[in-house]
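# Observations on chain architecture
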Amino acid sequence: MSKTTIVLLALLLTGSWAFSQAGNSVYAFLDLPVSSRIAALGGSNVSLHDNDLNFAFRNPAALTAETSNTLGVNMANYLADIQFGSAMYSYNIDKKNYLAIGVQYVDYAVFQGRDDLNQYTGDFTAKDMSLNLIYARPLTDKITVGVTLKPVFSVFEAYTSFGLAADAGVSYNDIKKLFSAGLVLRNMGTQFKGYYSNEAGQHLESLPFDIQLGASKKLSHAPLRFSLTLHNLQHWDLSYSSLNQTSTSLTTNEEEEEEDNEIGFGDMLLRHSIVGVEFLPSKNFYIAASYNHRRHQELKMPGFKSMAGFSFGGGIKLYKFQVGFGMSQFQVGNYSYQFSISTSLNEFRL
């Protein structure tokens, strides 16, 4: 049995063990876009293989020989003044062993505490954070495999939680055919400590497990590259009632089921897909745009022209730094802006 077959079987078996439904989980911040380029490509991409170390947050097998000794920092202004970001440093031990360490965080700002009589009790914060320990290894000149361990810590006022997640991925890159692909099992793991306890003990929730498959193809005679990312492949029905066991809305279960039943096969299929395109006139400049159908369908507002689901961005190399910007619209007037900067520390050697 070939190495490639063994890796694929291991990924599928691990995915079966870690199965959980999309949307009914904790630590949702793990699915936030970790860089401006990933944001511009719709929030996730597991297939690109072009020496951008930030893609290792999505697919650990995206590390390459060229990403060694590279540092990247990403910052975002999210909805309601929420701030989140990430940072990563990669280092290759040798030609066959690639390492990286990264951190992802969300700061929900400072809140005023109030008791049941509306008396001020002091300020409190809410934060999420995960550490990413990444290892990748090329099996052939075209296939690379990788794994990520992600200890997760979360605090909301006096409520704290921690757990452990893991990603496993494989990347295929054919330089001559300008084609790359990736398969990733994201956020496998468990919550060790829940935010609260009840009579049965710790209230533990599942992690946002996600099977993603993607492909990218650059045209031979035009500076364009197209990407297709399929997500939540472990769970076909992405409708609200399928992903949530309980509801606090005023609609009845019958009304929710009737609304979900209106989602046809084609619409549901598109809700699993993210389509992205990049304009690449040189190695030092890019413009990207994407469409996330699920985001558009869930966040569009009837009676308003909405760009929800569309994302845009670009990047340019200035001196020894690669600078990027990404923008996504979630609803009318609600935008998220993301900034990234990365550099290879090898360029600063005398």
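Residues numbered from 1 in each chain as written. Predicted model: local features only at pLDDT ≥ 70, side-chain atom pairs only at ≥ 80, totals over all residues. Heavy atoms only, no water.

We now examine the pairing of strand 7 (residues 179-193). Across 12 bridges, the pairing between strand 6 (residues 159-174) and strand 7 is antiparallel. By the bridge assignment for strand 7, G163 is matched with Q191. Adjacent in sequence and paired antiparallel, strand 6 and strand 7 are bridged by 4 residues, among which L178 carries a positive phi angle near 55°. (Pairing = 2+ DSSP bridges. Helix = DSSP H or I, 4+ residues; strand = E, 2+ residues; numbered from the N terminus.)

Moving on, we come to the packing of aromatic side chains. Summed over all chains, the structure comprises 13 aromatic pairs. Between Y335 and Y337, the ring centres sit 6.1 Å apart and the planes meet at 20°, which makes this aromatic pair stacked. With a relative accessible area of 30%, Y337 lands in the partly exposed category. One aromatic cluster is present, formed by F325, Y335, Y337 and F339 through successive ring pairs. Here K320 stacks its cationic end above the ring of F348, 4.9 Å away from the centre of that ring. (Phe/Tyr/Trp six-rings, centres within 6.5 Å; stacked < 30°, edge-to-face > 60°. Buried < 20%, exposed > 50% of the residue type's maximum accessible area, 1.4 Å probe, protein only. Lys NZ or Arg CZ within 6 Å of the ring centre and 35° of its normal.)

Sheet analysis places strand 1 (residues 70-77) next to strand 16 (residues 334-344), joined by 8 bridges and oriented antiparallel. The residue of strand 16 that forms the bridge with N77 is Y337. Here strand 15 (residues 321-331) folds back onto strand 16 in antiparallel fashion, the turn holding 2 residues, of which G333 has a positive phi close to 85°.

This paragraph deals with the side chain of N59. Relative to the helices and strands, N59 is located in the loop between helix 2 (36-40) and strand 1. Overall, N59 belongs to the buried group, its relative accessible area being 1%. Not counting residues up to four positions away in its chain, the partners in contact with N59 are V46, G169, V170, S171, G182, L183 and V184. (Contact = heavy atoms within 4.5 Å.)

This paragraph deals with the pattern of salt bridges. Counted by the stated rule, this structure contains 12 salt bridges. Here R225 makes a salt bridge to D50, at a shortest N to O gap of 3.1 Å. Taken together, the residues span a long stretch of sequence, with R225 in strand 11 (residues 224-230) and D50 in the loop between helix 2 and strand 1 at a distance of 175 residues. A relative accessible area of 12% means that R225 is categorised as buried. With a shortest N-O distance of 2.9 Å, E278 and R225 are connected by a salt bridge. Taken together, the residues span a long stretch of sequence, with E278 in strand 12 (residues 273-282) and R225 in strand 11 at a distance of 53 residues. For the residue pair E278 and R225, the accessibility class agrees, reading buried in each case. Salt bridges here are not isolated pairs; linked through shared partners, they connect R37, D50, D52, R225 and E278. (Salt bridge = Lys/Arg side-chain N within 4 Å of Asp/Glu carboxyl O.)

Right, let's talk about the environment of G42 for a bit. Structurally, G42 can be placed in the loop between helix 2 and strand 1. A C-alpha to C-alpha distance of 7.4 Å links G42 and V275, two positions 233 residues apart in sequence. Beyond its immediate stretch of four places on either side in the chain, G42 contacts I274, S290, N292, R295 and S311.

Mean pLDDT over the protein chain works out to 86, with 87% of the residues at or above the 70 mark. Throughout residues 3-22 the model reports pLDDT below 50, and contacts reaching past four residues in sequence, or to other chains, amount to 34 contacts. Here residues 254-258 scores under 50 on pLDDT; set against residues more than four positions off or in separate chains, the count is 6 contacts. (pLDDT = per-residue confidence, 0-100.)

As a further point, take unusual backbone geometry. Despite not being glycine, E157 has its phi angle at roughly 60°, a positive value. By the element assignment, E157 lies in the loop between strand 5 (143-156) and strand 6. Its identity as a non-glycine residue notwithstanding, N232 has a phi of 50°, on the positive side. Along the chain, N232 falls in the loop between strand 11 and helix 3 (240-243).

Of all hydrophobic cores here, the largest spans 19 residues; its most connected members are F55, L63, M88 and I134. Secondary structure elements with two or more residues in this core: helix 2, strand 3 (97-114), strand 4 (120-138) and strand 13 (285-292). Excluding its chain neighbours within four sequence positions, the residues that come into contact with F55 are R37, I38, L41, N45, L48, D50 and A62. Formed by 13 residues, the second largest nonpolar core is a distinct cluster that contains L32, F84, V152 and L207. (Core = buried A, V, L, I, M, F, W, Y, C linked by side-chain atoms within 4.5 Å.)

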